[in-house]
Amino acid sequence: MMNILISGVGGQGTLLASRVLGKYALLGGYDCKVSEIHGMSQRGGSVTTHVRIGEKIYSPVVWEGGADMVIAFETLEAARVKHFLKEDGILLVNEEKILPMPCITGAAKYPDGLKESLQQSVKNARFIDAKAIALEAGSEKATNIVMLGSICKLYGFDKARMEDAVAACVPEKFRELNLTAFRLGFERV
């Protein structure tokens, strides 16, 4: 059984990433349940998806301390959801900082030292500039797929099957761009 939590900000592609992981599971003959939690996602708010993969899955929600991996598309989101990670789990963080509305309006300040704090508190924390890699592939919108390429390598997923899942879940006109982003994420982690 594998429990994955994906966290990001509206528009970063957390839902597509969860669909790709679900397709990956199904292509491998596994059961998969996905649960999506949308905050003010269309206004740049938090979006969290839970993905559970195994022989038979009954509940779609990952519990606190139960995630084998947490994939965070933004640094503050990583800090917000790190308590879901198992002690020996993998935390993969996109180094991008997206200011939440209270920071934009001046009502709050984006916390300093988040990366250092995460590195100290999470044994298996890895950071990647996924947005820069996605831009290299052709579009910053492929940041989520870069992250999937990285987690594929870190966790030892079947690369060819994950590529098939990516190809099945993205529109044909964006397929090559996303596969390039996936391969770059796999190579650069």
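Our subject is the structure that appears above.
Here is what the cut-offs are and how they apply
Residues numbered from 1 in each chain as written. Predicted model: local features only at pLDDT ≥ 70, side-chain atom pairs only at ≥ 80, totals over all residues. Heavy atoms only, no water. Helix = DSSP H or I, 4+ residues; strand = E, 2+ residues; numbered from the N terminus. Rg over C-alpha atoms; globule rule 2.2 N^0.38 Å. Buried < 20%, exposed > 50% of the residue type's maximum accessible area, 1.4 Å probe, protein only. Contact = heavy atoms within 4.5 Å. Lys, Arg positive; Asp, Glu negative; His and termini not counted. Charge placed at Lys NZ, Arg CZ, Asp CG, Glu CD. Core = buried A, V, L, I, M, F, W, Y, C linked by side-chain atoms within 4.5 Å. Salt bridge = Lys/Arg side-chain N within 4 Å of Asp/Glu carboxyl O.

A. Quick peek at the overall build of the protein. Counting its secondary structure elements, the protein contains eight helices and six strands. Helices and strands in the protein line up, N terminus first, as β-α-β-β-β-α-β-α-α-β-α-α-α-α. The C-alpha atoms of the protein give a radius of gyration of 16 Å, which matches the 16 Å a tight globule of 189 residues would have. Residue burial in the protein is summarised as follows: out of 189 residues, 49% are buried. For the protein, the proportion of contacts with a sequence separation of at least 24, taken over those separated by at least 6, is 62%. A gap of 2 Å separates the mean positions of the 23 positive and 22 negative side-chain charges of the protein.

B. View of the nonpolar core. Ile4, Leu21, Ile71 and Phe157 are the most contacted members of the largest nonpolar core, which totals 39 residues. Among residues more than four places away in sequence, those in contact with isoleucine 4 are Leu21, Thr49, His50, Val51, Ile53, Val62, Met69, Ile71 and Phe157. The next biggest cluster of nonpolar side chains, apart from the first, holds 15 residues, and it includes Leu5, Val62, Leu118 and Phe127.

C. Spotlight on the pattern of salt bridges. Evaluation of the coordinates by the stated rule reveals 10 salt bridges. The shortest N-O distance in the salt bridge between lysine 131 and glutamate 96 comes to 3.5 Å. Linking lysine 131 in helix H5 (residues 130-137) with glutamate 96 in the loop between strand S5 (85-94) and helix H3 (101-105), this pair joins segments that are 35 residues apart in sequence. Among the ionic pairs, aspartate 112 bridges to lysine 109, the shortest N-O distance being 2.6 Å. Accessibility classification places aspartate 112 together with lysine 109 in one group, the exposed group. Connected through shared salt-bridge partners, Asp31, Lys33 and Lys56 make up one network.

Function-wise, these values are silent; they only describe arrangement.
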